[in-house]
Amino acid sequence: MPVAPLSRSQESRIILDQIDHLPPLPPLAARDQVESGSIAIAKHVVRLMEMMPTTAETGGLPRSEFWRHSLAVACASRSIAEEISADGSHDELFVQGLLHDIGKLALSWLMPRSYAKAMRLAQQGQRDICEVERELLGVDHQIAGHRLAQRWNLPPGITDAISLHHHEPSTLSVSVRIVQLADLMARELGIGLSGNSCIAESLVKSSAQEMGLNQSQWLRIKESLPREVDSESAWIH
């Protein structure tokens, strides 16, 4: 008797359950305690993620290009915060940008062939990757990332950036809106690979204006971003 295919809700529950069984984030080592909390956590997360199996052989998310995109978002988030004199730690915003897409890595680890297909369809149709993820997997990288952030007990600000950065800007905190805008900038400049080729130029401009960035500030950040990414490349090597 043939087995009935799983529903999307069943598939999503299986994926989230698998995330719950990924390795825990170990306690911070003594050498990490001297750094600011968010930077130490980020280094810990990156180290753990680099220990996960690569999916290159199945056409999944290319890890080096993924981290280059994430680093671009981190640098742009910090620069935007400095330009608009945002409250709070700019290091924290750097980390929020660096880790905002970790749900994509989780999905790529767990379902490499399906995730490679999602990336391919998103690129071919110039569609939002979240939409394609939900169609194929029943869950998008924001939900997967939120589950992973809970698994690793990440701080609320980082968790919000991971789980909300594709939501309507008017519903978001200033810090998540900064990460959202930084993500759009990194994608517009083509730094690294996010798997999301859908970019609305009007949204980029309106978001920048709403954040209080004038044209000269916006251009200054864009022009300096590739150099900043190169200067912070120790994060991904």
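Our subject is the structure that appears above.
Reading the values: rules and limits
- Residues numbered from 1 in each chain as written.
- Predicted model: local features only at pLDDT ≥ 70, side-chain atom pairs only at ≥ 80, totals over all residues.
- Heavy atoms only, no water.
- Helix = DSSP H or I, 4+ residues; strand = E, 2+ residues; numbered from the N terminus.
- Buried < 20%, exposed > 50% of the residue type's maximum accessible area, 1.4 Å probe, protein only.
- Contact = heavy atoms within 4.5 Å.
- Areas by Shrake-Rupley, 256 points an atom, 1.4 Å probe, with all protein chains shown as cover.
- Axes fitted to C-alpha atoms, helices over the stretch in contact; angles between N-to-C directions.
- Parallel < 35°, antiparallel > 145°, perpendicular 65-115°, else oblique.
- Left-handed = near helix turned anticlockwise from the far one by under 90°.
- Nonpolar A, V, L, I, M, F, W, Y, C, P; charged D, E, K, R; others polar.
- Lys, Arg positive; Asp, Glu negative; His and termini not counted.
- Salt bridge = Lys/Arg side-chain N within 4 Å of Asp/Glu carboxyl O.
- Polar contact = N/O pair within 3.5 Å; in protein donor to acceptor, adjacent residues only side chain to side chain.
- Expected span 1.5 Å × (residues − 1).
- Arc of directions from axis to C-beta.
- Phe/Tyr/Trp six-rings, centres within 6.5 Å; stacked < 30°, edge-to-face > 60°.
- Lys NZ or Arg CZ within 6 Å of the ring centre and 35° of its normal.

Chemist: Give a description of the overall build of the chain that names residues and reports values.
Modeler: Along the chain, the regular secondary structure elements total twelve helices and zero strands. Along the chain, helices (α) and strands (β) appear in the sequence α-α-α-α-α-α-α-α-α-α-α-α when read from the amino end. Taken over 237 residues, the chain has a buried fraction of 48%. Taking the contacts inside the chain whose residues are at least 6 apart along the sequence as the reference set, 71% of them involve residues at least 24 apart. As displayed, the chain has an accessible area near 11200 Å², and 53% of this comes from carbon and sulfur atoms.

Chemist: Report on the packing of helix α3 (residues 63–83) against helix α12 (residues 215–231), specifying residues and quantitative values.
Modeler: Viewed as axis vectors pointing N to C, α3 and α12 meet at an angle of 135°, and their least axial separation amounts to 9 Å. The orientation of α3 relative to α12 falls into the category oblique. Of the two elements, α3 crosses α12, and the hand of that crossing is right-handed. Side by side, α3 and α12 meet where Arg68, Leu71, Ala72, Cys75, Ala76, Arg78, Ser79, Ile80 and Glu83 of the first sit next to Gln217, Arg220, Ile221, Leu225, Glu228, Val229 and Asp230 of the second. Split into classes, the residues belonging to the contact of α3 with α12 amount to eight nonpolar, two polar and six charged.

Chemist: Pulling in residues and values, what's your account of the side chain of Glu133?
Modeler: Positionally, Glu133 belongs in helix α7 (residues 129–137). With no salt bridge to any partner, buried Glu133 finds its closest opposite charge in Lys104, at an N-O distance of 5.8 Å. Reaching out from Glu133, the side chain makes a polar contact with the side chain of Tyr115 at a distance of 2.6 Å. Discounting residues that sit within four places of it in the chain, Glu133 has contacts with Lys104, Leu107, Tyr115, Gly138, Val139, Asp140 and His141.

Chemist: Please provide a residue-by-residue account of the environment of Ser224, values included.
Modeler: Within the element layout of this structure, Ser224 appears in helix α12. Judged by relative accessible area, Ser224 falls into the buried class, the value being 17%. In this structure the C-alpha to C-alpha distance between Ser224 and Ser79, which are 145 residues apart in sequence, comes to 9.4 Å.

Chemist: If you had to explain helix α6 (residues 112–125) to someone new, which residues and values would you point to?
Modeler: With 14 residues, α6 extends 20 Å from end C-alpha to end C-alpha; this agrees with the ideal 20 Å at 1.5 Å per step. Every buried residue belonging to α6 is among Pro112, Tyr115, Ala116, Ala118, Met119 and Ala122, and all of these are buried. With its buried residues spanning 155° around the axis, α6 presents them on a single face. Exposed positions of α6 whose direction lies more than 90 degrees from the buried face are Arg113 and Gln124. Buried-residue contacts for α6 involve α5 (102–110) and α7. Looking at the residues trailing α6, positive phi occurs at Gln126, about 50°.

Chemist: Account for the packing of aromatic side chains, naming residues and giving values.
Modeler: Within the structure shown, the criterion is met by two aromatic pairs. Between Phe66 and Trp67, the ring centres sit 5.1 Å apart and the planes meet at 75°, which makes this aromatic pair edge-to-face. The pair formed by Phe66 and Trp67 is uniform in burial state, with each residue classed as buried. Looking at Lys43, its charged tip hangs above the ring of Trp235, at a distance of 5.8 Å from the centre.

Chemist: Describe helix α8 (residues 141–151), naming the residues involved and giving the relevant values.
Modeler: Residues of α8 that are buried: His141, Gln142, Ala144, Gly145, Leu148 and Ala149. One side of α8 holds all its buried residues, which, seen down the axis, span an arc of 160°. Between a side-chain oxygen at the N-terminus of α8 and the backbone nitrogen of Gln142 the separation is 2.9 Å; the capping residue is Asp140. At the C-terminal side of α8, Asn153 shows a positive phi close to 55°.

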